[in-house]
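# Structural characterization, general
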Amino acid sequence: MNDSSRQVIYELARTQSMSGWWLWALLVLSLVILLIAAVRLYRRDAAELSRPVRWTLITLRLTAIVALVFFFLDAQRRTQRSITRPSEVVVLVDTSQSMSLPAYEDMGSGSRAELAAAIIKDSEMLDKLSAEHRVSVYAFGENAEPRLLQTSGGEFGAADEKQSTDLAAFSPIAMLGMVLLGITAILSVSSLMIGASGNADRIGWMLFATAGCLIVGCVMTGSVYSIRTQYSLAELIGLPNSETSSSEQSDSQQSDSQQSDSQSKDTQTTDPVTDGDGNPPPIKVSDWNESIAATDAQSRIGDAIRGVLVDHDPTTLAGIILMSDGQSNGGSEPGAAVATARRNEVAVFPVGLGSSAAPTNLRVVNINAPQRVYPSDKFAINAVLQASGAEKMEVEVQLLDGLDQSASAGGGDAMPTQVVDSQKITVTGDGTLKGVRFELEPQSVGRRRLAVRVVAPEQDRNEADDIRDARYEVVARRLRVLTIAGGPTREYRFVRNLLYRDKSVELDTWLQTGQPGMSQDADKVLSEFPKTAEELFEYDAIAMFDPDWTAINQDGLELLDRWVGEQAGGLIIVGGPVYHPRWLKLRTDARVPIIKGFFPVNFPSRGPLIGTGRQGGENAWPLKFTPEARRAEFLWLVDRPDESFQIWNEFSGVYDYVGVSSTKPGTKVYAYFSDPTTAISDSLPVYLASQFYGAGRVFFQGSGEMWRLRRTSDAHFDSYYTKLIRWVCEGRLLRDSNRGRLLVENQRAMIGDTITVRAVLSDDQFEPLVVPEVQAKLLAPSGRIEDVRLLPVAGEPRPGTYGGRFLVREAGSYELRLTLGDALNEEVLRQTVQVSLPTVELERPRRNDDELKQYASTTGGVFLPIDDPSGPDSVASELVERIRPQPQTTVLPGTADQDFAQRRNLALMWLIASVLTMEWVTRRLHRLA
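These numbers were taken from a predicted model, which means no experiment stands behind them. (Residues numbered from 1 in each chain as written. Predicted model: local features only at pLDDT ≥ 70, side-chain atom pairs only at ≥ 80, totals over all residues. Heavy atoms only, no water.)

On to the packing of helix 13 (residues 490-501) against helix 19 (residues 714-728). Put simply, helix 13 and helix 19 touch, their axes get as near as 11 Å, and they point 75° apart. Of the possible angle classes, the one that applies to helix 13 and helix 19 is roughly perpendicular. Residue-level contacts link E491, F494, V495, L498, L499 and R501 of helix 13 to F717, D718, Y721, T722 and I725 of helix 19. Split into classes, the residues belonging to the contact of helix 13 with helix 19 amount to seven nonpolar, one polar and three charged. (Axes fitted to C-alpha atoms, helices over the stretch in contact; angles between N-to-C directions. Helix = DSSP H or I, 4+ residues; strand = E, 2+ residues; numbered from the N terminus. Parallel < 35°, antiparallel > 145°, perpendicular 65-115°, else oblique. Contact = heavy atoms within 4.5 Å. Nonpolar A, V, L, I, M, F, W, Y, C, P; charged D, E, K, R; others polar.)

See below:
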C-alpha cells in the first residue's frame, strides 16, 4: 500500500520562466522608474494641495501599480502529492523434492521443508519484517514462475489521504474586510457631500482614511475569496447562500444516488485480486507445512529470482531471502538472474537448509514391485540404494517377505521378518544411486508384504531409512477376458494370440465377421454378445477392436453399462476406420447415447468434422506423451520408467487415428497423435485416454497399431497389452467386499503427485450408499495416519459413487483403507500406492554452500546456513537486522488551480478598478487635470 500526502503550494509562475539575470534587472529597473515617475508626477501636480490629499493620490496610484505587477507575476496555487512506496522483502521457499531430505547432519531430523515452515511460522521473522516492509512469500520448484503464498505488511494507513476540507465557511478576515469596505463607502459618501459644498480642503484626512480602508478591505476580502474557492463570498462573510441552499438537497440526493450506483457497480466489477486502492489484498496461509510441501520434481532457482525481479520494483526491493539447499537442477542458470539482481542493487540472502557435510548413511531410496502377481509366476523386485560419507562400503542387502498383517482384522503395521534372499554389493559414498534386483516366486494366495533391507554399518546415522517395503497380492483365479473385433485386424489377432498363450488368462472371443465353425485361438468362441448378466458378469476385462456397435442390441449395451459401472469391469476400446465412423453417423438410434457414454472422449457428430481422423496415412508419427503417461504403469515396457520411455521414443509411431473433438471431465490423457497438421484449435488429436466409469475403467486407443511395437521387440508389445488389461480391471481383481469397490488412478507415483480416488459403495442392504461424505484413512510410510474425504461425484448418474484425492509427500508405500459396516460386520476396502523420489532430486543431497555463497557475495547479501536446531532463531534475527528499509518517495507536482486563478484575477481587477476610480474622483474634486 502506498502512503500519500498532499501539500498546497503557492508560487509566482512568471518567475519560473524568467531564467536570465538581465530579465530580472530589466523588470526591477522598469518598476523603479515607474514608481519614481508616479511619485514625481503627483508631487508636481498636487504641490498646492494639502499633504493628506497628496499622500492619498500617491498611495492610490502606487497601489494600482503594485496590483498590476502582481498580476504580471501570475500567482498560482497547486496541490502537490508525495507518494511513498513501501520497502519490500521477498521470501523464496524451495519446494523441490530434495527438501524432503533431512534438515541437519543428523539423518533422523525433520525435513528441510519442515525447517523452512518452522522458520516462517514459529519465529518472529515475518512479523518483524512486516513492520518495516511489505513481505511477499513465494514457493518455487518445477514451474517457470514462483507461486505467491502470502503477503503482509507495508500498510501506512489510508492511501491517497485527502487534505482536510472541513474548515468553517465563515471567515473573520473576510468579514473584517467587508466591514472596512462598508466604512469606505460611508467615508466616500461623506467626502463627496463635503467636497460638493465647496469645502474640499477640509476632507484631506478623511480621503486618506477612505483610501486606507478601501485598499486594506479589498486585499483582505479578495485574499480570502481567492484562497477559499470552495465557498461563495456570501458564505465567507456569514450570509446564507440561497443558490447553494436550494440546490444542496438535490445535490445530496444525487450524490447518494451516485454513491449507491458506484457501490453497486464496484460490487460487480471490482477486481478480486486488488483492494480499493489498486493494491493486492493481503494473502494469508493457514497451513505452512501444506503450502511448502516438498512436491516439485525440479528446483529452478534462476527462474524464481528472475520472476521476483520482474514482478517487483527493484528500487523498493530491499532484499530477497532464499530458503533452499542450493541444488538448482532446472530452468535458466541462476548466475544470470543473480547478475540481474546485482545490476538492480537487490541483495540476495540465502538461508542454507540441509547439511553440507556427507554423514555416513546408507538408505533404501526406492523399491519397485508389482501390485498383483499369480501363484508360481516369478516376478522381479528392483530397489535403489544410496550411500554417503565413506568412500566405499560393502553391505548385505536382504529381501524379506511375509503375509500383510495389516490386512487382517486388528492387524498391526509390522514389517515382514522372513529373509528369503540376500546379496552382497559395494556402494560408493558420493551419493551415486545403486540398483539391486531380486526375483521372487510366490506360492500362497492372499495379500502379502515384502521389504528390502540393508544391513548398515555401525556408523550409519539413521536406521529408519535402512528398509523400504511394498504390498502386493497373489491372485489365484485366472483372468477372464473377452475380445470383440469387427474384423480380423492385426491388432486383434496379435492380442488374441498373446492372451491365449497366457496361462493366467481364460480367453473368449467374438469375431463379428467370423463364419460359424471358424477355428480361432481361444478357450471359447462366441457368435454373439452375451445375453444375460450371469454370462457377461463373469468377465474381468473386455477388449474391443473397431467393433460393430450395431451388432449389439439395446439390452446388451445396458448390460455392458452395468458390467462396467457396477461390477468394476475393465473396458478397452480401440478405434478403427471401418465400423467406428458408421455408428457416429446414426441420428435417431437410441443406442448412440449409451455408446458415446463409454468413451472418455467426445466425437464430432455434426458438420464437416464428423468422421474426421486419418485412415491410410503415408507417414508414421510418434506418440506425444503427457506427464500422466510417465505415472501409468501399463506404459512401462520394462521395469524402469525412464528406460521404458526411451523405448517409446525409439518407436517409429502410428499412421492413423480416429477424430476426437474434446475430452470429457475427469479424463486422463496419456498420449496425442503428434502430426502438427492434424491439430484443431492448437490441440492435437487424443490417442490414448482413460476415465473412471462408475466402479470400472474405460481405456481408449485411437487406432489398432500397437502391433508395430513388435518391431522393437515382441516383449514390448506383450508387456503393453498384458499390463493394460490387468490395469483396467484391477477393481475386480482387488475386490475386498461385495459392498463396494475402491480404486486409485495410479498405484505408482512420485513425491508431490495428487492421487485420485474413486469408490462405488453399497449399504448393508446392497442398495447404493447415499451419505454426504465417506471418510477413508491413509496410512503413510512414516506411520502417520490422515483422513481422506470422499464426496459424492458431481454429475455421476449412479448413486453411491464417491471421489476424492490426496497428496503424497514421502517415498514409500501408502495404504488407503475404507471401512464399511459396524464393529460386528466390518468390511475394509484397501488400495496401495507406491511412491518414489525422482533420481534427479537425489543425485545431489548435500547443501550447495559454494553456490549459495556466490549468490550472496555477488549481490551484497549474506549467506546464512542453518547447521543445528538453534540456528533458525539466530538466522531470523540477523535477517531482520541486516535488511534495511528502502521506501521510495515520488513527488507529483500537480496542475494549477483554475478556480484560484479566476478568483485572483477578479480580486485584482476589483482592487485596481476601485483605487483608480477613487483617484479619478479625488482629482475631480480638487480640479486637477
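More follows now that the structure is in view.
Evaluation of the coordinates by the stated rule reveals five cavities of 30 Å³ or more. If you add up the space inside the largest cavity, you get close to 100 Å³. In this structure, the largest cavity is lined by twelve residues; those nearest its centre are Q371, R447, Y472, E473 and T832. When the residues that make up the lining of the largest cavity are grouped by side-chain class, the tally is two nonpolar, four polar and six charged. For the lining of the largest cavity, the two domains that each supply at least three residues are domain 3 (361-407 + 414-474) and domain 5 (740-840). (1 Å grid on protein atoms, 1.4 Å probe; cavity = no way out; pocket = protein on both sides within 12 Å on 5 of 7 lines; lining within 4 Å. Points joined across faces, edges and corners; volume = space filled by probe spheres on them. Domains from an automatic or database assignment.)

The next thing to look at is the packing of aromatic side chains. For any pair of aromatic rings, the description consists of the separation of the ring centres together with the inter-plane angle of the planes. With the rule as written, the count across this model stands at 31 aromatic pairs. Arranged with centres 5.9 Å apart and planes meeting at 80°, the rings of W648 and F651 form a pair that is edge-to-face. No difference in accessibility class separates W648 from F651, as the two residues are buried. In textbook terms, an aromatic cluster arises when at least three aromatic residues are bridged by ring pairs, as seen for Y492, F494, F545, F625, F645, W648, F651, F717, Y720 and Y721. Across the ring face of F717, the terminal group of R710 is positioned such that the distance to the ring centre comes to 6.0 Å. Over the ring of Y225 we find R903; its NZ or CZ atom is 4.1 Å from the centre of that ring. (Phe/Tyr/Trp six-rings, centres within 6.5 Å; stacked < 30°, edge-to-face > 60°. Buried < 20%, exposed > 50% of the residue type's maximum accessible area, 1.4 Å probe, protein only. Lys NZ or Arg CZ within 6 Å of the ring centre and 35° of its normal.)

Take the pairing of strand 29 (residues 754-761) next. Counting buried residues along strand 29, six of its eight residues qualify, which places the element largely inside the surrounding structure. As paired strands, strand 27 (residues 740-744) and strand 29 are joined by five bridges and run antiparallel to one another. If you follow L742 over to strand 29, its bridge partner there is A759. Here strand 29 pairs with strand 32 (residues 801-807) via seven bridges, running antiparallel. Paired with V760 across the bridge in strand 32 is T801. (Pairing = 2+ DSSP bridges.)

Taken as a whole and judged by the stated rule, the model has 32 salt bridges. Across the pair D303 and R300 runs a salt bridge whose closest N-O atoms are separated by 2.7 Å. Here the salt bridges do not stand alone but share partners, grouping D404, R471, E815, R817 and R830 into one network. (Salt bridge = Lys/Arg side-chain N within 4 Å of Asp/Glu carboxyl O.)

Mapped onto the fold, T151 is located in strand 5 (residues 147-153). Exposure remark for T151: the relative accessible area of 4% places this residue in the buried category. There is a polar contact of 3.0 Å between the side chain of T151 and the backbone nitrogen of I283. (Polar contact = N/O pair within 3.5 Å; in protein donor to acceptor, adjacent residues only side chain to side chain.)

Let us look at the packing of helix 7 (residues 204-227) against helix 23 (residues 898-925). Two elements in contact, helix 7 and helix 23, have axes separated by 8 Å at closest approach and are oriented at 170°. Between helix 7 and helix 23, the crossing angle belongs to the class labelled roughly antiparallel. Side by side, helix 7 and helix 23 meet where L207, T210, A211, L214, I215, C218, V219, T221, G222, Y225, S226 and I227 of the first sit next to F900, R903, R904, L906, A907, W910, L911, S914, V915, M918 and T922 of the second.

What follows is about the UniProt feature "transmembrane region" (unreviewed entry) in the protein. Residues annotated in UniProt with the feature "transmembrane region" (unreviewed entry) correspond here to residues 21-42, 54-73, 173-197 and 203-227. The distance separating the terminal C-alpha atoms of residues 54-73 is 29 Å; by composition the span is 100% helix and 0% strand. Across residues 203-227, the secondary structure splits into 96% helix and 0% strand, with the terminal C-alpha atoms separated by 36 Å. (UniProt positions renumbered as here; feature names shortened; annotations may be inferred.)

Our focus in this paragraph is the sheet that holds strand 6 (residues 317-324). A sheet is described by the order of its strands in space; here six strands give the open sequence 5-4-3-6-7-35, paired in mixed fashion. The two strands at the open ends of the sheet, each matched to only one other strand, are strand 5 and strand 35 (864-865). Across six bridges, the pairing between strand 3 (residues 88-94) and strand 6 is parallel. Each bridged residue has a counterpart across the sheet, and for V93 the counterpart in strand 6 is M323. Docked against the sheet, helix 11 (residues 301-311) engages strand 3, strand 4 (134-140) and strand 6, running at close to 160° with respect to strand 6.

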